[in-house]
Structure formats: structure tokens, C-alpha cells
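An overview of the molecular structure
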Amino acid sequence: SPQDRCPPRHLCDMGGAKTAYLIAYNAGCMAGWAYALYLALTALADGGALSSTWATMGPAIILSQSAMALEMVHAATGMVRSPVVTTVMQVLSRLQFLVWIPLAPTSASQWGCGMMAISWALVEVPRYAFYLNNLVGPGGQTGTLYPIFWLRYSLFAILYPTGITGEVLTLLACLADPSFASALGGFAPLLIKAMLVLYVPASPFMYMNMVKNRKGAFKKRFAKPPPPPKAPVGAEFPEDGKGGRSTSEAGKKAFAAAIGGSGVGEAEAAAAKCAGERSWRFGYNKHITKLVRLSCESPAAGLGSAKAGLGWMYENMVYHSPDQTLRGPFGATVDKVTGSFETGAVRGGKQSPPPGYRVPYDAGWHPSRPRPPPTGPSDCLSGKALKAQAAEWAAGGIIEPDAAEALCWLSDHFDKGESLQDVYVVMIGAGSAMGPFPKLMEMGATVVAIDIPGAWGKGGPRPASGVWRRLCDTARGSAGSLVFPLSKPQSQCATDEELYEAAGCDLMKQPGEIANWLCEWQKTLPDSAKVMIGNYTYLDGELHVKLALCADYCIRRLRAARPATGVAFLCTPTDIHVCTDASDRAARDNYGSGFGSLGLEKLANALSGGKLLIPNFNAPVEAQGGKLIKYVDGLAVAQGPNYALAKRMQHWRAMIEFESGAVVSSSVAPSTATISVLSNKTFAWAYGGMPYFKYEIFKQETTNAVMAALLMHDILNLKGPKNPANRKQFRLSNPIELFSTQAVHGGLWRSPYKADSLGEVSALIYFAGLARPYLLAAGAAAAAAAAFM
């Protein structure tokens, strides 16, 4: 039957010798099949019968068909990108006839064999001509001469039925030949019968597959040329010199710059190794580990790496204004933007916040407890109950002791009737599911909300105006106030819906305008105002990096305009952080307890090739002055290098601003059962088994309230560890040690195994728990049956 394999030229990266060989091979095969076809047609023209065709063209077919065996070698060696299994099956399906026909001589003298041979020749001549055209021509569908292209993708309509019919008749003729019964020790007839059975499902499949290929080929050949690429707008990755904008190349260079910026002895070699990493997608993690270790060596190394990493992003990422009048390196180009926004505001309807601070909590998330915790005033933790739960979390290794102290401090503060009346928090990504917006509003803060334009999606099923409706409604029902950018004056918005549609901004395309607006807004505040700016944005892949860069620009600009402004981030638990001595010691002590013995853990680790149950502790870094700095590697490689870069940029900004005197509320948040995470069943199953390894998976409502509490504590308590004025008291000589304080890691820091090595085992433990009642019942039934007997 005819074959449909990809032409070599435009699918393979061939060297000169390979290309010359393939030209010779395809030209030779085409000539061989053309000669066989010539012999058949001239014999028929001279009055020969179809049944005698094989005798005429057989020798030429045997030679040409045998040469096709090399196609299996081409596919197996990667010389052409044809699927190996498919190629082997197709070639062998032809070569079998070169075995059967000599064993059953009478099969060659019936008309089916002649029809098969001519069908083969008629399809192979255009096929090899098609391949040859692609090798010597411009390549691609449009580069093939149309007559050859048409024959390649049209003759099958006749030649598939005639070729398959001829093959089946030839196989039947072999079975009818008396001498064939004993061929190959009597196995030949069985093999042919098996082949005939396979023809039943394979023939229609092959035919319809070719119909599909023809449709695709013609669609591609006659498709309208794509429109010229639009000029990029907003933040964009730099060109990679290969016609694209590789995020991998940019990521490697940014991390290499940060490594080199540490300035320690081995930094240059480590930076070169990072920049030369070939498997960045799955090898980036070891370079981030190296970066953290080098950054720990001294305060200068930590600060130098942060400045160098962000410096590379500002100098090498690019920015294009919507009208393309501004184009160039991100930092210098965005600085030239002069536009801004109007200001909108919504005031809360409550005079004062409710007494105390409330945290919704009804134990951690588990597949057996998936519902959100109740949020009624009497259902939430507050006062003594909240402080008791904070102490219980700390005792169980779910949060660090200083995080529990911060929760208790804040609870006492609000129990005295205090509020956030003089607190202003700029939330970049105010609508984020993990952000503190609802609690800030509840406690009376003023939130400056940066989020997507409300005009996006207008008229669609999920217009972005819904985000602003939710934010404004929350503000109206609270004791706080909401401030936000508008595309036109608020006085010109005749309805609430018009206000929602005019609200918002495009962070990736308007970072300069947003920063200008924020700098103008801060001038309206009293000197005593407590101002904090935080980034709570997230998008998948490369967009996360762009968001992080644009948010960083806004943070940098507001900090420059108002130096007293603090900075806030939510640190993901799945990253590499400096940790406390106590948490490192707990992880070491817990190692060996999970499965009852160290031997079982090492066995599981060995059987998985070192991928499962990896110890959750590392050799400490001996810093300048002899101090040993511990760190925990919670990095999840599957999250990808773009996510890691975006989160590391937040670390860099936090370190720079902490060193320059800003309060930096940047604490590790726990693993949280958000809708987006639970939509992946694999994560949900793993979460179900992780409590076995001393984790607690937080429900979203609990995480929001707890992390918002830490943010408020860092703003209000000037004696806390996030205030650089107290760094000596808390022994934070290196700015990278900032992340070791007030961690709400959910148990990750003190777990015996790295988070990235627990997933499969945790899922198995969860399913084992589901099966346990049934296994116990079956065991009890078996025991009862044995006793009865």
C-alpha cells in the first residue's frame, strides 16, 4: 500500500553529506520505480496480459523495493524525522511479498499481482519525486511543483483501493498454491492468514489517514499568508539572535548575572556554567541553589547578587510603547513615559472595624474536608482562641515561633480597639485570590488597587468589570477605603457599571503610567501615613516574569518618591529560602521517622533513582565571620524556570529595599488549597497524603487571614524583624536572611523530605488511607471465616 512519510528536507537539519546522500537515494529510487513502470506499461501496450506483468517488471521491483529497506535505517538514525515504528511496519508490509511470491510461483501469474505491482510503481514515482523536489527546491508545501504535489496527495484515491485489492488477491493466491502449504516449515500459511486479518481494520484506517493528510496538505499550501508580526507592546523579552525571544536564554543570563554579582571567588565560573546550561527547563534548579549559597557568604554577596540580577532585567528586557514611539531597554525606556491616570475612590460604609481580629479556621484542608471554613463572627478564631491556635501551629512545626508571636501581637493590638485608619497599602494585583484585600478593608485600611482594566471582555461571559464590582462592593461594606486608577474622571461615570469599566490599568503595557500615577497620589498623603506597596500578581509562564518586572518598576518608583514606603511580597513555600537553625535541626531529627526506619527511606530513595524522599536539609553555608547559614530547598522543578525567576526577582527587590532601610513584609506562605491548585487532581491527591509528613495544607480563607495579619503586624509593630532598624537584634546581617523570619510554611521547613520528592508517595499514602477500611473489613471477614471453619 502507498506510504505517507514526511519529506526529509524541511523536517530535518541535514549536513551537506547527508543531503547529497538523500538526493542520490531518492533520485535512484524514483528512477528504479519509473523503470519498473515503463516495463509494465510497454508490455501492456504490446498486448501483454495483466497477469504476466510481474514477470516483466518483477526484477526491477525487487531491486527498488529492497532499496526501500534503507528507509527504516533513515528513520532509526534520525536522518529523516519519520516515525520509526510506522516506517518499519510500512516497509515490511511490502517486503513480505518479495518472500511470499518466490515461495508460491503461481501467485505471480494472476492479475491481482500485476495490479498490485503497477499500483506500487504509480505511487512510488510521485512520492520520491516529491521528496526529491523538497531536497533540491525551496522546501515546504508551497515550494513543491504543483503537479508533483497534486499527484502525491491525490493518486491514493485510486491506488489505495487497487493496491490493497492486489495485495489481498496475491496473498490468497499464495494460499492456493500447493507448494506453499509446507513453506517455512508450514508456518507461512499461518502468517499470511494473520496478515489478511490485519487488512480488515488497517485498510480503512490507512485510507482515511491519507484523506486527512491530503486535506491538511492542501489547506497548508493554499492558506493565506500570515499577517506580518505585530510589533511588541509593553514589556518583552530580548531578541535571542535566532529570530525569537527565548525565555530560557533570558532566564539563564539573568541568573548568571546574579551569580556573578555575588563577587565571591567561584562566582565567575559558576556564572559561566549557568549561562551554558543546555537543559535549562529541568536543570535550572541547581543554579538557583548555587546562587543562594553564594549569596549567603557575605552581606555584600547577597546584596550584589540582588542588584546584578535586577540590573540585568532592567537593562536587557525591552519595552515598546503602544504607539511604538518609545522602544528600548526596559528601565531607561519606561522612565520616559509621561502619561498617568485619573483617580477613583470608594469609601466604606462602616464607621469602624469589628472588634478583634478574626481568622476563619476549622482544621487544615483534606479531600475529606474540602469545604471552606465558616466565616461568621462566632465561627472564626479570635482573641485567646487565635493565640492558642498560633501556639499550637508553632509547637507542631507548621509555622515558626516568631510568626506565632506576630499573630499574637496583632490579635492583642486589635483587641484594644485599634484599626488601620492611617495605613495605606498599594496592592498590585488587588483582585488576587491569595491577596490581603478583604482583611485590609475589614480592618479599616485604605487600599490603592492596581488590577486589570475593567473594559476588558466587555460584552463577553466574564467581563473584567466584575473584578472591580467585587472590589468596590467589598469596600462599601467595610470600614476602609478604596482608591484606584481611572481612564476618565469619576465625575464622568454616570453609573456604577461605567465606573467599573473605566477602572483599572494594564500593568504589562502601562508600568510607566501606573508609576507616575502612584507618585502623584502619594503627594496627597500626610507625612504620618504608613504606606506599603506589595506585588500579588500571578500569570502562567513568561507572563509572570513580565508582571514581576513591571510591578518591580512601580515599587522602585514609589520607594524613590516616598522613601518611608514599605514593601510587601508573599513568598511561595516552593522556593529556596534561608531558614532558622531550629527548623533545620527539626528536619534532621524528623528524618527517619516517617516510615519507621531510616532503611526504608533510603530504599525508597534508591529504588526511585534518588528522586523520592530526598532529605530536606543541606550542608550549611559558612558565611563571613564563621556564621553558619542554613537554607531549605523547597523548589518544585515542575513549576518551571519562569516562575522561579519571577519569584526570585521579588526576593531581589526585597533584599535591596531592606538594605536601604525599608520595612519589608516578605514571609513564606503555606501550601494552600486554592481552586487553581485543586483543579489538578494529582496535586489534590498529594495534598491528601502530605499530613503524614508533618504538613498542614491551609484552606484559602485561612491563608488570606493569616498572611494579612503578618502584613499588618509588619506595618504596625516597629519592633519586628521585618524592620531593618532591628536587624542586629534579630541577627540579620545578610539581607537574604530576611526570609528566615516569620515563616508560615505549613510544615515544609521541618518536614523530613524535600517537597519536590514527596508528591508520588503522598498520593499513594492518601489512596492507602482510602482503602484501609475495606482492607480491615476484608481481613476481619477472612478471620471470621477461618474461625468458623
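Residues numbered from 1 in each chain as written. Predicted model: local features only at pLDDT ≥ 70, side-chain atom pairs only at ≥ 80, totals over all residues. Heavy atoms only, no water.

Turning next to the side chain of K722. Structurally, K722 can be placed in the loop between α26 (700–716) and α27 (759–788). In this structure K722 is buried but unpaired, with D714 as the nearest side chain of opposite charge at 5.6 Å. One polar contact links the side chain of K722 to the main-chain carbonyl oxygen of S666, over a distance of 2.9 Å. There is a polar contact of 3.2 Å between the side chain of K722 and the backbone oxygen of L738. When residues no more than four places from it in sequence are discounted, the contact partners of K722 are F658, A662, V663, V664, S665, S666, S667, D714, L738, T741 and Q742. (Helix = DSSP H or I, 4+ residues; strand = E, 2+ residues; numbered from the N terminus. Buried < 20%, exposed > 50% of the residue type's maximum accessible area, 1.4 Å probe, protein only. Lys, Arg positive; Asp, Glu negative; His and termini not counted. Salt bridge = Lys/Arg side-chain N within 4 Å of Asp/Glu carboxyl O. Polar contact = N/O pair within 3.5 Å; in protein donor to acceptor, adjacent residues only side chain to side chain. Contact = heavy atoms within 4.5 Å.)

In terms of residue burial, strand β9 (residues 566–571) counts as a mostly covered element, since six of its six residues are buried. The two faces of β9 match: G566, A568 and L570 on one face and V567, F569 and C571 on the other face are all buried. Here strand β8 (residues 530–535) pairs with β9 via four bridges, running parallel. What sits directly across from G534, in β9, is A568. Assessed by its sense of winding, the connection that carries the chain from β8 through helix α20 (residues 542–561) to β9 is right-handed. Where β9 lies against strand β14 (residues 664–668), five bridges are found, and the strand directions are parallel. Bridge pairing in β14 places L570 opposite S667. (Pairing = 2+ DSSP bridges. Right-handed = clockwise from strand over helix to strand, strands pointing away.)

What follows covers the sheet that holds strand β3 (residues 327–329). Pairing within the open sheet is antiparallel, and its three strands lie in the order β1-β2-β3. Here the strands that pair on one side only, and so sit at the sheet edges, are β1 (234–236) and β3. Ignoring strand direction, the axes of neighbouring strands in this sheet form an average angle of 25 degrees. The pairing of strand β2 (residues 318–320) with β3 spans three bridges and is classified as antiparallel. In the strand pairing of β3, H320 is matched with R327. (Axes fitted to C-alpha atoms, helices over the stretch in contact; angles between N-to-C directions.)

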